[in-house]
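Residue-level listing of the chains:
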Amino acid sequence: MLGSAPGLSGRWERLEPRPRARMLRQVLHAGLRTSFHALGRFVASHPVFFASAPVLLSILLGSSFSRYRVEEDVESLLAPKHSLAKIEGNLVDSLFPVNRSKHALYSDLQTPGRYGRVIITTRKGSVMDPVHLDAILKLHRRIYQMQVTVPATGFNSFNYSFSNLCLLDDKNVCIIDDIIRAMEEIQSARNSNRSVPVLRYPITQLADGRQAYIGHQMGGVQGWGPGGAMRAQGMGVRGEGVRSARALQLTYYLQAPGGLMDRVASQWEKAFCAELQHFAELHPKLGLYPSTSSSLRTDFQFSSVLARRPLLASLGVCGVLVVLCCSMRDCVRSKPWLGLLALLSITLSGLTAAGILNLTGATYNSTYLGIPFVMLGHGLFGSFEMLSSWRRTREDQHVKERVASVFEDVMLRFSGSTMIHLMTLGLAASPLTNMEAVRLFCRTAALAVTISYVYMLSFYSSCLVFTGYLETGYRHGCFCRRVPKPDRLDSKPAWYRCLMYTRYQEETQVTNPPHGIGHTHTPNPDLTHTHTHPHPHTTNNPAVRGHAHVANSTHPHPHPHPHSTASTDPHPQDSHLLLGCVRRCYGDWITNTYVKPFVVLLYLVYISFGLMGFLQVTQGSDPSALVAMDTATVLYTRAQQRYFSSYSPVIGFYIYESAPYWNASVQRDLLEYAKGFQRISWLEAYLNYLSDRNQSTSQPRENFTRTLRHAFLREPQFAHFADDIIFAERGQGEEPDVAASRIFLVAKTTENKREEMSVLLDTLRRLSLTSRVRFLIFNPSFVYLDRYAAAVSSPLRHSLLAVLFLLGLSSLAVVEPLVSVWLGLTLLSVQFGVLGFMTLWGVELDCMSVLCLISALGHSADCSGPLLCGFAAGRGESRTRWVRVALERHGVPSLQTLICYGAALVPVGSIRSNLTRTLFRCLTLTAACSALHTLAFLPTLLTFLPPSKSRGHGPGGEGQRQEVECVEMNDSTRVVDQITTV
């Protein structure tokens, strides 16, 4: 993020008036660079301490894994934390708790703490066929009689069956689904050769005269239309006869009031799944899809179990590529161990962060699988930037001075990119975030990035010091053995000479004598500029090693000489492979005049496809989209969507205040609200009851209530409506009021069930604001739907605004304003592209994709920030020349980071999990879009867009000036000043 700018002048030159803002930036840069230079010298002076302290701290904190805990409440993670649906759910539970229902329960409306649920399908035929019906009832009896022993051993063990755990009705009999009663009636009629009772769909009438909704218990229904014609699935009308059905859904409710009963219920759920698995093996013609209260939690956390080996494979693949990226042909200047130590530094920082979380009592969830990749991208960027800067330092300097120069050059930019990471993650981890999974992920990732930054300053820097001493002693970069001089290598075999190849400093001085000593240089009459050096110890050649008149500083040099292009590397065989490709091939190709139009066209195509995907963004509020594949939750959800998508879940319509139900206008309003729904309504049944008895529906309050209590609710077919009405006493001798009541609504749906439920929720809520009757609607799925889009997208918006604000604020005093503008535009472009392309790739906007988008801000800043800063810091010459220089210095480290990062993502794509699939696709798109901007779009656009490279060098200037450059060369034994006049 932070670029290098000229600091305090190290030369005598004519002073020019400068704007105050630019002077302030120079002063701040000088102070920060001097501070980092001192910090680098301090670390290099105590390498043993800074190498051992992080290791010991990681070991101590890593021993806290005995306190490792997994998050149990998945709903609190994936549902918006503050929503109206949660408030409504608490109100509903207080008015109509589950254990208050003594007659019937609706499986998709009332979900108690513990339950077992199964969808039974037939591979051929109907579930109502005699053979299948008998098998299903047999399964029901086996589940009913199944026992679990708690504790498993000991004298205090007890056997618990379903009858010990179930919810009881008013006759102290377990509440079971209405479809079981209907099937038992059909089986009894067949066994006694009686006429089989007609089963209607979606509302049927039981033997006791009670009407029951079975739309959520029977699926894949084909009904008989008028005249005996067959209707397709879901096309029937109210009370239509059932011809065949492909699926049944059975739910077994458990009550677990205390700790012991909760353990018993948990064991019963496990035995329930085992019993279904055994039954499926005995009856291959039936398909069984179980689900329990713990299935979502287990399958959500199962992604972490599946990801263990692929994550180790990612670490191994990344380690191999890091070693290759840090290697050179020169065995002394090659740093293979430094690449592995960079991975070790990232691993130690992750272990330290995990230890802190364990000690603070934090819990883990599967979304944390993305944190290692946030650390990997940021840590590799810092390590490759430091290694690249190290190779640009002067080799005749002492190791301490070289490390200090690296700190002075790199740490300003690395600290800036770390600030962007912390700003985006920190704001998303604030209380402004309404999604708990996003907040916990960002809080943990911010902690991990902070520790990774500290370990990069300490552990990795001390490792750089040790490898620097190995290089100074001309020891092999891999085997640490001293490399013989060329005269001793001549007698060795060819493979040994190749393995031990290096370039001694004496060869460099003979081959490339410095200016003013071995050869003279003809000045360029067209070049009129002045060099400035912020620190005397960093006046090293950035492009021409061994030339004393060109500053080889570890920060971007303001004005490289144009003549140095031809002699950029005096030893091309020693250059890194990627550096040589960028320097000799790619830099010239990407800045070619004939290539630029195609790159601009490619960017327009990129924006077009991104816009096409952006306009098709959909929210993914279904929790089953974040669990492992081929698990019970996914299979159950697929079966439910296939067979039970004709109707919506049962929606509770709750009137939570006393209302004048006896008033005709109120009755009309309530009937109008329920019009168009399949409904189980006590009010509608009561009004029909009054009409059948030729009584007026508009009666005085006391008559209306008296008939309701003493006549209607005492009829056997209407007794179950007593669960839906709450009476409030008024006074002695007066009829009580109806304080609250509920009716049940079911809507006809299509394939887009969740979208239609969201629209229905918004419509009924708007209606409740204008209605004279105070009501609310609730279904457990509303907790995930309510304000989900705002809860998911708000952290992303806040993080993006925070980064833009940070860039705008820093441009006033720290970085060049145009750098902030370019970096802000780059972040927006990368974010726009990732969001659009992930939609085209089939990724919905859920909490996992939003986490990846938030981390993409920091990743794109890591890749693009140094390139922009390096380009903006240069003055004079052409834009093309500075684009090439920026690509050599900062494009190569970014390319190395992207190669290793992309390779580490490959094993993640093989994990059979919806969560990791989203993670893989989003992070892959992040790396691809960042690579396009860093290596293609920005190098091309910067060649003809601001910032300008000709400030202070236009016509009418001072003309040629004489420059006196002082280069101070320090080592442990001598100080040599060389003065060259141009």
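Residues numbered from 1 in each chain as written. Predicted model: local features only at pLDDT ≥ 70, side-chain atom pairs only at ≥ 80, totals over all residues. Heavy atoms only, no water.

Now for the overall build of the chain. Of the regular secondary structure elements, the chain holds 30 helices and 18 strands. When contacts within the chain are restricted to residue pairs at least 6 apart in sequence, those whose partners lie at least 24 apart make up 77%. For the chain, the exposed area adds up to about 41,400 Å²; of that, 60% sits on carbon and sulfur atoms. (Helix = DSSP H or I, 4+ residues; strand = E, 2+ residues; numbered from the N terminus. Contact = heavy atoms within 4.5 Å. Areas by Shrake-Rupley, 256 points an atom, 1.4 Å probe, with all protein chains shown as cover.)

Within an α-helix, residues lying three or four positions from one another point in the same direction, as the helix has 3.6 residues per turn. Helix geometry: helix α18 (residues 577-590) is bent most strongly at Arg583, by close to 40°. Of the residues making up α18, those classed as buried are Leu578, Leu579, Gly580, Val582, Arg583, Gly587 and Ile590. Summarising the contacts, the buried residues of α18 are in contact with α19 (596-614), α29 (879-905) and α30 (914-941). (Bend = angle between axes of the 7 residues up to and from the residue. Buried < 20%, exposed > 50% of the residue type's maximum accessible area, 1.4 Å probe, protein only.)

A separate point is a nonpolar patch on the surface. Together, Leu601, Leu604, Val605, Phe609, Met612 and Leu840 line one region of the surface with nonpolar side chains, adding up to about 510 Å² of accessible area. For the nonpolar patch, the element with the highest residue contribution is α19, accounting for five residues. By the element assignment, Leu840 lies in helix α27 (residues 817-840). (Patch = residues over 30% accessible without salt bridge, like charges linked within 9 Å, V, L, I, M, F, W, Y side chains within 5 Å. Salt bridge = Lys/Arg side-chain N within 4 Å of Asp/Glu carboxyl O.)

This part covers the packing of aromatic side chains. Enumeration over the complete set of coordinates arrives at 33 aromatic pairs. Judged by centre distance (5.0 Å) and plane angle (80°), the rings of Tyr686 and Phe704 are edge-to-face. Of this pair, Tyr686 sits in helix α22 (residues 682-692) while Phe704 sits in helix α23 (residues 701-712), placing them 18 residues apart in sequence. As far as burial versus exposure is concerned, Tyr686 and Phe704 are alike and both buried. Ring geometry for Tyr689 versus Phe712: centroids 5.4 Å apart, planes at 70°, classification edge-to-face. Here Tyr689 is found in helix α22, whereas its partner Phe712 is found in helix α23, with 23 residues between them in sequence. Tyr689 sits in the buried class, given a relative accessible area of 6%. (Phe/Tyr/Trp six-rings, centres within 6.5 Å; stacked < 30°, edge-to-face > 60°.)

The strands that make up a sheet are held in pairs by hydrogen bonds between backbone atoms, and each pair lies either parallel or antiparallel. Here we have three strands laid out as an open sheet, ordered β4-β9-β8, and antiparallel in their pairing. At either margin of the open sheet sits one strand with a lone partner, and together these are β4 (200-201) and β8 (222-223). In this sheet, strand β9 (residues 240-244) lies alongside β8 in antiparallel orientation, the contact comprising two bridges. Opposite Gln222, over in β9, you have Ser244 as the bridge partner. (Pairing = 2+ DSSP bridges.)

Its location among the elements puts Thr251 in strand β10 (residues 247-254). The exposure class of Thr251 is buried, given its relative accessible area of 2%. Side-chain polar atoms of Thr251 contact the side chain of Arg117, separated by 3.2 Å. (Polar contact = N/O pair within 3.5 Å; in protein donor to acceptor, adjacent residues only side chain to side chain.)

Interhelical geometry of helix α12 (residues 371-392) versus helix α13 (residues 399-428) gives an angle of 150° and a closest axis separation of 9 Å. As judged from the angle between their axes, α12 and α13 are roughly antiparallel. α12 and α13 meet at a crossing whose hand is right-handed. For the contact of α12 with α13, the residue count by class is 11 nonpolar, seven polar and five charged. (Axes fitted to C-alpha atoms, helices over the stretch in contact; angles between N-to-C directions. Parallel < 35°, antiparallel > 145°, perpendicular 65-115°, else oblique. Left-handed = near helix turned anticlockwise from the far one by under 90°. Nonpolar A, V, L, I, M, F, W, Y, C, P; charged D, E, K, R; others polar.)

What follows is about the state of the cysteines. Under the counting rule described, the total for this entry stands at one disulfide. Not engaged in a disulfide, the cysteine Cys480 finds its nearest cysteine sulfur in Cys478; these two sulfurs lie 7.7 Å apart. The thiol of Cys852 is unpaired, and the distance to the nearest cysteine sulfur, on Cys922, comes to 4.5 Å. (Disulfide = S-S within 2.5 Å.)

Turning our eyes to something else, we now look at the pattern of salt bridges. Overall, the coordinates contain 29 salt bridges when judged by the stated rule. The residue Glu269 makes a salt bridge to Arg114 at a minimum N-O spacing of 3.2 Å. Taken together, the residues Glu269 in helix α8 (residues 259-282) and Arg114 in strand β1 (residues 114-122) connect sequence positions 155 residues apart. With respect to class, Glu269 is no different from Arg114; both count as buried. Measuring nitrogen to oxygen at the nearest pair gives 3.3 Å for the salt bridge that ties Arg413 to Asp409. In this pair, Arg413 and Asp409 both sit in helix α13, four residues apart, roughly one turn of the helix. For the pair Arg413 and Asp409, a shared accessibility class is recorded, and that class is buried. Overlapping salt bridges bring together Arg701, Glu702, Arg706, Arg709, Glu735 and Asp737 as one network.

The alternating pattern of strand β2 (residues 147-150) places Val148 and Val150 on a buried face, while none of Gln147 and Thr149, on the opposite face, is buried. Where β2 lies against strand β3 (residues 158-161), four bridges are found, and the strand directions are antiparallel. Along β3, the bridge assignment pairs Gln147 with Ser161.

What follows concerns the packing of α27 against α30. Here α27 crosses α30 at 140°, and the two axes come no closer than 9 Å. As far as their axial angle goes, α30 and α27 are oblique. Once α27 is placed against α30, the crossing between them reads as right-handed. In contact with Trp822, Thr826, Ser829, Val830, Gly833, Val834, Phe837 and Met838 of α27, α30 contributes Cys922, Leu925, Thr926, Cys929, Ser930, His933, Leu938 and Leu941. A per-class count over the contact of α27 with α30 returns 10 nonpolar, six polar and no charged.

Per the UniProt record, "transmembrane region" (unreviewed entry) is found at residues 306-325, 337-357, 369-390, 410-432, 444-466 and 598-617. As annotated, residues 306-325 has a helix share of 95% and a strand share of 0%, and its two end C-alpha atoms lie 30 Å apart. Between the C-alpha atoms that bound residues 369-390 there is a distance of 33 Å. The span itself is 91% helix and 0% strand. (UniProt positions renumbered as here; feature names shortened; annotations may be inferred.)

Helix length check: helix α14 (residues 436-472) (37 residues) gives 52 Å between terminal C-alpha atoms against 54 Å at 1.5 Å per residue, within 8%. Along α14, the helix axis deviates most sharply at Tyr455, where the bend reaches about 40°. Burial runs high along α14: 29 of the 37 residues are buried. Just downstream of α14, Tyr474 is the residue with a positive phi angle, here 55°. (Expected span 1.5 Å × (residues − 1).)

By size, the foremost hydrophobic cluster in this structure holds 237 residues, and its most contacted members are Met218 and Trp268. At 19 residues, α14 tops the list of elements feeding residues into this core. Once residues lying within four places of it in the same chain are set aside, the contact partners of Trp268 are Gly116, Ile143, Met146, Val148, Phe162, Leu165, Tyr252 and Leu254. By size, the runner-up hydrophobic cluster in this structure holds seven residues, among which are Cys331, Val483, Leu489 and Tyr496. (Core = buried A, V, L, I, M, F, W, Y, C linked by side-chain atoms within 4.5 Å.)

Attention shifts here to the environment of Val320. With respect to the helices and strands, the residue Val320 is situated in helix α10 (residues 308-325). The exposure class assigned to Val320 is exposed, which follows from its relative accessible area of 52%. Placed 16 residues apart in sequence, Val320 and Pro336 show a C-alpha to C-alpha distance of 9.5 Å.

Before going further, it helps to examine the sheet that holds β1. In space, the four strands of this open sheet follow the order β7-β10-β1-β11, with antiparallel pairing throughout. The open sheet terminates on both sides in strands that have one partner only, identified here as β7 (218-219) and β11 (286-292). In terms of strand pairing, β1 meets β10 through eight bridges, oriented antiparallel. Bridge pairing in β10 places Arg114 opposite Leu254. Helix-sheet contacts for helix α5 (residues 130-145) involve β1, β10 and β11, and the interaxial angle to β10 is about 10°. On top of the sheet, helix α20 (residues 632-643) reaches β1, β7, β10 and β11; it is set at about 115° to β11, its chief contact.

Moving on, we get to the side chain of Arg701. Position of Arg701 relative to the elements: it lies in helix α23. Classification of Arg701 as buried rests on a relative accessible area of 14%. Dropping the residues within four chain positions of it, Arg701 is found in contact with Trp662, Arg730, Glu734, Glu735, Pro736 and Asp737.

This paragraph deals with the pairing of strand β12 (residues 651-655). Among the five residues that make up β12, five are buried, leaving the element largely enclosed by the rest of the structure. Inspection of the sheet shows β12 paired to strand β15 (residues 737-746) by five bridges, in the antiparallel sense. Bridging from a neighbouring strand, Ile655 pairs with Ser741 of β15. Here β12 pairs with strand β16 (residues 775-778) via four bridges, running antiparallel. Pairing of Gly652 across the sheet is with Phe778, part of β16.

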